[in-house]
Amino acid sequence: MGSAISTTAATLLGASKTFELVMVGLDDAGKTSLVNRLKRRELPRGVLPATITTIGASFLSLASVLFKGINWIGSTIETISYGRHSVTIWEFGGLDKVRPLWRRYFWHAHAFVFLVDAAAPARFPEAKEELTRMWEGTSDTHPVLVLANKIDLAGAVELSVIEEALGVPELAKSGRTIGVKGVSALTGEGLNEALGWFVENISHQFIAETDEAKKHVVQAW
Ligand SMILES: Nc1nc2c(ncn2[C@@H]2O[C@H](COP(=O)(O)OP(=O)(O)OP(=O)(O)O)[C@@H](O)[C@H]2O)c(=O)[nH]1
Ligand SMILES: [Mg+2]
């Protein structure tokens, strides 16, 4: 995996780039907690700072986190030679009243994260509705990763069930990139894989953009 990522990285543009992820999901899914886990490397497993409902949006620049090496990511990702690039996560409150705000920021994103509480099956239909809304309101060139959070809880539902409940197989039929992964903001489990997925998929997008740009240069020549 490390070499695959390095290869992808090696094909990226030389200029420094900011990767922008927009993270949305219902209230209480754990978005702020996930950002805290990413931001605060020193947090021991099983410890999360208390959060209050996010009103509006909060932002975290992961520039120094992702690309300068970080111990919980492990050696695979530390080998990425992306030194000059940065990742910005745009994280939004999930209460229904602030959900219309999400749309205003969609244009910023290179990719989307949709966070769902894996241990709250009663809210899967509502989550499906919001995921579908986001899917339909965003460009099909942008990958979407559904993250099922709180997999540390005994009541966490299996990933395949969540995938079905959120209608992912139907969405995937369009050919747009969509993935589903399990994570725990509490323990950090699954985050390595989730970040790996983004590095792979966003990189492909940049490669595509680079190829597109090259085509125009060639045509104009
Ligand atoms: N067990 C467990 N609890 C979690 C996890 N992630 C978040 N929580 C808890 O879930 C609750 C909601 O977390 P938040 O991070 O505030 O959720 P949010 O998605 O930001 O919610 P809004 O700001 O209302 O949209 C908090 O009590 C967290 O401690 C997790 O991975 N495992
Ligand atoms: Mg929040």
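The rules behind these values
- Residues numbered from 1 in each chain as written.
- Chains lettered and ligands numbered in written order.
- Predicted model: local features only at pLDDT ≥ 70, side-chain atom pairs only at ≥ 80, totals over all residues.
- Heavy atoms only, no water.
- Helix = DSSP H or I, 4+ residues; strand = E, 2+ residues; numbered from the N terminus.
- Buried < 20%, exposed > 50% of the residue type's maximum accessible area, 1.4 Å probe, protein only.
- Contact = heavy atoms within 4.5 Å.
- Areas by Shrake-Rupley, 256 points an atom, 1.4 Å probe, with all protein chains shown as cover.
- Phe/Tyr/Trp six-rings, centres within 6.5 Å; stacked < 30°, edge-to-face > 60°.
- Lys NZ or Arg CZ within 6 Å of the ring centre and 35° of its normal.
- Salt bridge = Lys/Arg side-chain N within 4 Å of Asp/Glu carboxyl O.
- Near = heavy atom within 4 Å.
- Polar contact = N/O pair within 3.5 Å; in protein donor to acceptor, adjacent residues only side chain to side chain.
- pLDDT = per-residue confidence, 0-100.
- UniProt positions renumbered as here; feature names shortened; annotations may be inferred.
- Pairing = 2+ DSSP bridges.
- Right-handed = clockwise from strand over helix to strand, strands pointing away.

Novice: Just give me the short version of the overall build of the protein, but keep the residues and values in it.
Specialist: Broken down by element type, the protein carries 9 helices and 6 strands. Looking at the protein as a whole, 49% of its 221 residues qualify as buried. Look at the contacts in the protein between residues 6 or more apart in sequence, and 78% of them connect residues 24 or more apart. When the accessible surface of the protein is summed, it comes to about 10700 Å², and 55% of that surface belongs to carbon and sulfur atoms.

Novice: Can you lay out the packing of aromatic side chains for me, pointing to particular residues and giving the numbers?
Specialist: Taken as a whole, this structure holds 0 aromatic pairs when the rule is applied. The aromatic ring of W135 is capped on one face by R176, whose charged end is 4.4 Å from the ring centroid.

Novice: Describe unusual backbone geometry, listing the residues and the values that go with them.
Specialist: Backbone geometry places D28, a non-glycine residue, at a positive phi of 75°. Residue placement: D28 occurs in the loop between β1 (18–25) and α2 (31–39). Under the relative-accessibility criterion, D28 is labelled exposed at 58%. Look at K150: it is not a glycine, yet its phi comes out positive at around 70°. Position of K150 relative to the elements: it lies in the loop between β5 (144–149) and α7 (159–165). Take K150: its relative accessible area is 18%, and that puts it in the buried class.

Novice: With reference to specific residues and values, describe the pattern of salt bridges.
Specialist: In this structure the tally under the stated criterion is 6 salt bridges. Between K150 and D117 there is a salt bridge, with its nearest N and O atoms 3.0 Å apart. Here D117 lies in strand β4 (residues 111–117) and K150 lies in the loop between β5 and α7, a separation of 33 residues in the sequence. Under the relative-accessibility criterion, D117 is labelled buried at 12%. By sharing partners, the salt bridges in this structure join D27, R123 and E126 into a single network.

Novice: Describe the site of ligand 1, listing the residues and the values that go with them.
Specialist: Lining the immediate surroundings of ligand 1 are 22 residues, of which K31, S33, T51, T54 and G94 lie closest. A distance of 2.9 Å is found between an oxygen atom of ligand 1 and a side-chain nitrogen or oxygen belonging to T32. Protein chains bury 84% of the 650 Å² of accessible surface belonging to ligand 1 in isolation. Considering every element that reaches the shell around ligand 1, the biggest residue donor is α2, with 3 residues.

Novice: Lay out the confidence of the model for the protein with the relevant residues and their values.
Specialist: The predicted coordinates ought not to be read in detail in places where the model reports low pLDDT. Put simply, the protein has an average pLDDT of 75, and 66% of its residues get 70 or more. Every residue in residues 1–14 is under pLDDT 50, and counting partners more than four places away or in other chains gives 24 contacts. Here residues 63–84 is modelled with pLDDT under 50, and outside its nearest four sequence neighbours on either side it reaches 50 contacts, counting other chains as well.

Novice: Can you tell me about the UniProt feature "binding site: Mg(2+)" (unreviewed entry) in the protein, naming the residues and giving the values?
Specialist: Sites flagged by UniProt as "binding site: Mg(2+)" (unreviewed entry) map to T32. Among the structural elements, T32 can be located in helix α2. Every residue in contact with T32, bar those within four places of it in the chain, is listed here: T51, T54 and E91.

Novice: Tell me about the pairing of β5, residues and numbers included.
Specialist: Counting buried residues in β5 gives 6 out of 6 residues, a clear majority hidden from the surface. Burial along β5 is two-sided: V144, V146 and A148 facing one way and L145, L147 and N149 facing the other are all buried. As paired elements, β4 and β5 share 6 bridges and run parallel to each other. Looking across to β5, one finds that F114 is bridged to V146. Note that the unit made of β4, helix α6 (residues 124–136) and β5 has a crossover that is right-handed. Where β5 and strand β6 (residues 178–182) come together, 5 bridges link them in parallel fashion. When the bridges of β6 are listed, L147 appears paired with K181.

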